[in-house]
Amino acid sequence: MEDDARSSAVALLGLDGFVVLCAIEVDGELHQRIETTADRIGCPSCGVLAVPHGRRRVWVRDLPAGGRPVALCWSKRIWRCQEPMCERTSWSERSAAIAPRASLSERARRDACRRVGRDGHSVAQVARDLGVGWSTVMAAVRDHGGPLVEDPGRIGHVEALGLDETAYLRANQHRSTLYVTGFVDLERHRLLDIVAGRSAAGVRTWLARQPKEWLAGVEAVALDPHRGYANGLLDSLGHATAVVDHFHAIRLANAAIDDVRRRVQQDTLGHRGRKGEPLYGIRRVLLRAGERLGASAAERLRLGLDAGDRFGEVAAAWLAKELLREVYAALDLAHARRRLTAFYQWCAEAEVAELTRLARTISAWQDEVLAYHDTGLSNGPTEAMNLLVKKIKRVGHGFRNFENYRLRLLLHCGVTWEDAPTARLRGRPRSIA
Ligand SMILES: [Zn+2]
């Protein structure tokens, strides 16, 4: 019976080498007194059997149990060496489960890392839940997440590589917008890495760090129509097909629509668009794919353009975007070429400065645009990745530290989290029946 009680006390805690001596609830928290199960130990210096030399209490936070926060009070044994010749006098026991001077048990730190990394919770939230400071949780994320991110096997074989820039910190009065460049595995939908800036140098440096065999395996690179990237690729990925994918091309066309809309608003109203004004009211509908507009959205689009777009410039930009989308939806290369001609023609005849510029950019990247039809790259992954990046940015309230930002992003979209699935309970579990 006593053995049963002891093994229950060990099982309840589930902390290797520890047993619960007693548990009480204090103000909605579960306090557990614990000690190690080791009662015979040799001196680490000479090996002679050590004798107990009192105890010291150490408090740490552990994983919640039954919905309550848990505090562990470890009665830490202090040992003394009996060997007179030995230079070691006394020492306190150690455990891998609770690091010296830690305020969290190691498994609580691992769980904190998982919540922040995999689940995308904010560091501040996890710190509040555990009743510890922000830096304690961030240190846990760094200690447990760092090795996952730096694991050389993490990146793996990549055939289709995506390059993308995102704003990492928006401009304010003290700085201009800071960008990062992301490397994405387009097939496995996974973020490989990010580097600061959006320069050719950043891309080149990252690529130069990758093994030659890895680089040789990359067959296609999807990129933002940003000249810097192409330059950064030439040295090590000259063999791969560069592609301006659907997502990036349409983002460019949407930017042109926004520019035209803003200018027309300014010209006709004398100020920036406001709530209740026709073009401002359709600013999002304008960016939606034509065939995804329902009857009511299409009607709003028509009314908004009728009321606010006197010279048809916004409408021309909208149609240019639709024509560019048709290029990507073409059946084959020849078809795409014909549609691209129609797009150029429309932009030339529209006589809208923003469309002239858009057509010029697309024409500078024509090979890469048409290459989309050779490689069969899909458009989804970079887009999905962008949404993830935005989500992480929201929980982080704008990261000021690039390394933390990189770690958080890679933990959320760049590593595989190993989880042992929990078996379903069917009837009564046999072992305690
Ligand atoms: Zn000794």
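Described below are features of the structure shown in this document. This structure is a prediction, so every number in the text was calculated from the model and none was measured.

Along the protein, the regular secondary structure elements total 17 helices and ten strands. Counting only C-alpha atoms, the protein reaches 95 × 55 × 50 Å along its principal axes. Looking at the 433 residues of the protein, the share that counts as buried comes to 46%. The contacts of the protein with a sequence gap of at least 6 include a subset with a gap of at least 24, amounting to 60%. Counting only carbon and sulfur atoms, one obtains 51% of the accessible surface of the protein, whose full area is about 23500 Å².

Quick look at the coordination of the zinc ion now. Protein coordination at the zinc ion: the donors are C43 (SG), C46 (SG), C81 (SG) and C86 (SG), at 2.3 to 2.4 Å from the metal. Note that the zinc ion binds four donor atoms; their angles at the metal cover 99 to 114°, and the shape is tetrahedral. Mapped onto the sequence, the residues coordinating the zinc ion show the spacing C-x2-C-x34-C-x4-C. Taken as a pair, C43 in the loop between β2 (29–36) and β3 (51–65) and C86 in the loop between β4 (68–80) and β5 (90–92) lie far apart in primary sequence, 43 residues in all.

Right, let's talk about the pairing of strand β1 (residues 18–26) for a bit. The pairing of β1 with β2 spans eight bridges and is classified as antiparallel. Paired with V19 across the strands is E35, a residue of β2.

We now examine unusual backbone geometry. With a phi close to 50°, D27 is a non-glycine residue in the positive phi region. Structurally, D27 can be placed in the loop between β1 and β2. Positive phi, close to 55°, is recorded for E351, a residue that is not glycine. With respect to the secondary-structure elements, E351 resides in the loop between α12 (333–350) and α13 (353–364). We classify E351 as exposed; its relative accessible area is 69%.

Our focus in this paragraph is the packing of helix α3 (residues 123–130) against helix α4 (residues 134–150). Where α3 contacts α4, the axes come no closer than 8 Å and their chain directions differ by 110°. Judged by the inter-axis angle, α3 sits roughly perpendicular to α4. Crossing of α3 over α4 shows right-handed handedness. Contacts from V123, A124, V126 and A127 of α3 reach α4 at W134, V137 and M138.

The tally for this structure, following the rule as stated, stands at five aromatic pairs. When the ring of W206 is compared with that of W214, the centres are 5.8 Å apart and the planes differ by 80°; the resulting orientation is edge-to-face. Judged on exposure class, the residue W206 and its partner W214 are both buried. Considering the side-chain rings of F343 and Y344, the 5.8 Å spacing of their centres and the 50° angle between planes classify their relative orientation as tilted. Classification of F343 as buried rests on a relative accessible area of 0%.

Let us now look at the pairing of β4. Where burial is concerned, most of β4 is hidden: ten out of the 13 residues are buried. Alignment of β2 against β4, held across five bridges, turns out to be parallel. Within β4, the residue paired with R33 across the bridge is C73. For β3 and β4, the ladder comprises eleven bridges, and the chain directions are antiparallel. Each bridged residue has a counterpart across the sheet, and for W59 the counterpart in β4 is C73. Linking β3 to β4, which pair antiparallel, is a turn of two residues; within it G66 sits at a positive phi near 55°. Two elements, β4 and β5, share three bridges in a ladder whose sense is antiparallel.

We now examine the pattern of salt bridges. Counted according to the given criterion, the structure contains 27 salt bridges. Two residues, E106 and R109, come together in a salt bridge whose shortest N-O distance is 3.1 Å. With a gap of three residues between them, E106 and R109 both fall in helix α2 (residues 106–117), about one helical turn apart. Using a relative accessible area of 16% as the deciding quantity, one classes E106 as buried. In this structure R109 comes out as buried when scored by relative accessible area, which is 12%. Salt-bridge contacts for D235 lead to R204; the nearest nitrogen and oxygen are separated by 2.9 Å. In this pair, D235 sits in helix α7 (residues 227–237) while R204 sits in helix α5 (residues 200–208), placing the two residues 31 residues apart along the sequence.

Criteria and thresholds
Residues numbered from 1 in each chain as written. Predicted model: local features only at pLDDT ≥ 70, side-chain atom pairs only at ≥ 80, totals over all residues. Heavy atoms only, no water. Helix = DSSP H or I, 4+ residues; strand = E, 2+ residues; numbered from the N terminus. Buried < 20%, exposed > 50% of the residue type's maximum accessible area, 1.4 Å probe, protein only. Contact = heavy atoms within 4.5 Å. Areas by Shrake-Rupley, 256 points an atom, 1.4 Å probe, with all protein chains shown as cover. Donors = N, O, S within 2.8 Å, 3.2 Å for Na, K, Ca; no water. Tetrahedral: all angles 85-135°; square planar, octahedral: opposite > 155°, others 65-115°. Pairing = 2+ DSSP bridges. Axes fitted to C-alpha atoms, helices over the stretch in contact; angles between N-to-C directions. Parallel < 35°, antiparallel > 145°, perpendicular 65-115°, else oblique. Left-handed = near helix turned anticlockwise from the far one by under 90°. Phe/Tyr/Trp six-rings, centres within 6.5 Å; stacked < 30°, edge-to-face > 60°. Salt bridge = Lys/Arg side-chain N within 4 Å of Asp/Glu carboxyl O.

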